[in-house]
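Secondary and tertiary structure notes
Each chain, letter by letter, is given below.
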Amino acid sequence: DEGRLDQDFWATHAEDESPSQICQRRVAILDIDYDCGNGTASIFYSDPTVLIISIHCDPTIEYPWNSGYKDQTGSGEGIGKTVHIPLPAGTAWKEYKVALSTAMEAVVDFEIRPGLLYQWALTLTPEMQSL
């Protein structure tokens, strides 16, 4: 039973690690939907323990127009921990695979391998699927 396996996994890790060890884990969040993950990025913009990667439509042509640019990489101790990969509308799978590969390289290069990789993907409407 898959649910039981998940419970066993978390129970085992909870027994092996103290709360402080769990809290010290690094987290990578991969946001792969149409628009920039600006809300998530803003929450962790200066946090060096959370890597935010967002693959999204180019903000010069699509909302939100004030965030999601490549040069927005974090602040303070979090500089370099926000990675925006904007793509032009109509991006084909071949180019999207390159962006996804770039995103995964950023996860691998994260100073200490993350204890958790969280992926967020929004189901796109037919009108948005050309990205």
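As the structure is a prediction and not an experimental result, all values here were calculated from the model.

Burial runs high along strand β3 (residues 82-87): 5 of the 6 residues are buried. By the bridge criterion, 6 bridges tie strand β2 (residues 50-57) to β3 in an arrangement that is parallel. Bridging across to β3, I55 finds its partner in I85.

What follows covers the confidence of the model for the protein. Of all residues in the protein, 65% have pLDDT values of 70 or greater, and the mean over the chain is 77. Mean pLDDT values for the elements of the protein range from 46 in helix α1 (residues 2-16) up to 95 in β3. Low pLDDT, under 50, characterises residues 1-14; the stretch is placed with 1 contact to residues that sit more than four places away or in other chains.

The next point concerns the nonpolar core. In this structure, L51, I53, I55, I85, L87 and A103 are the most contacted members of the largest nonpolar core, which totals 13 residues. For this core, the secondary-structure elements that each account for two or more residues are β1 (27-32), β2, β3 and α4 (93-109). Per-element accounting of this core gives the leading share, 5 residues, to α4. What A103 contacts, discounting residues up to four positions off in sequence, is L30, I53, I55 and I85.

The next thing to look at is the environment of A99. Tracing the sequence through the fold places A99 in helix α4. With 43 residues separating them along the chain, A99 and H56 place their C-alpha atoms 9.8 Å apart. Contacts of A99, omitting those with residues within four sequence positions, involve I55, I85 and L87.

With that out of the way, let us pick up the packing of aromatic side chains. Each aromatic ring pair is characterised by the separation of its centres together with the angle its planes make. Enumeration according to the criterion identifies 2 aromatic pairs in this entry. When the ring of Y63 is compared with that of W65, the centres are 5.5 Å apart and the planes differ by 80°; the resulting orientation is edge-to-face. A centroid spacing of 5.9 Å and a plane angle of 20° characterise the contact between W93 and Y96, whose relative ring orientation is stacked. In this pair, W93 and Y96 are both assigned in helix α4, 3 residues apart and thus about one turn of the helix distant. A relative accessible area of 53% means that W93 is categorised as exposed. Residue Y96 is classed as buried on the basis of its relative accessible area of 16%.

Calculation criteria
Along each chain, numbering runs from 1 in the same order as the chain's sequence is written. In keeping with the model being predicted, local features are shown solely for residues with a pLDDT of at least 70 and side-chain atom pairs are shown and tallied solely at 80 or more, while totals for entire chains, interfaces and linings include all residues. Excluding hydrogens and water, the side-chain values take into account all heavy atoms of the structure. Whether a residue is buried, partly exposed or exposed follows from its accessible area with a 1.4 Å probe, protein chains only, as a fraction of its type maximum: under 20%, in between, or over 50%, in that order. Counting from the N terminus, the helices are DSSP H or I runs at least four residues long and the strands are E runs at least two residues long. Paired strands, in this sense, are two strands between which DSSP finds at least two bridges. Confidence scores here are pLDDT values: one per residue, from the predictor, ranging 0 to 100. Contact criterion: two residues are considered in contact whenever any of their non-hydrogen atoms come within 4.5 Å of each other. Here the nonpolar core consists of buried residues drawn from Ala, Val, Leu, Ile, Met, Phe, Trp, Tyr and Cys, with membership extended through side-chain atoms lying within 4.5 Å. Any pair of Phe, Tyr and Trp rings, taking the six-membered ring for Trp, is counted once the centres come within 6.5 Å. Such a pair is stacked with planes under 30 degrees apart, edge-to-face with planes over 60 apart, and tilted for the rest.

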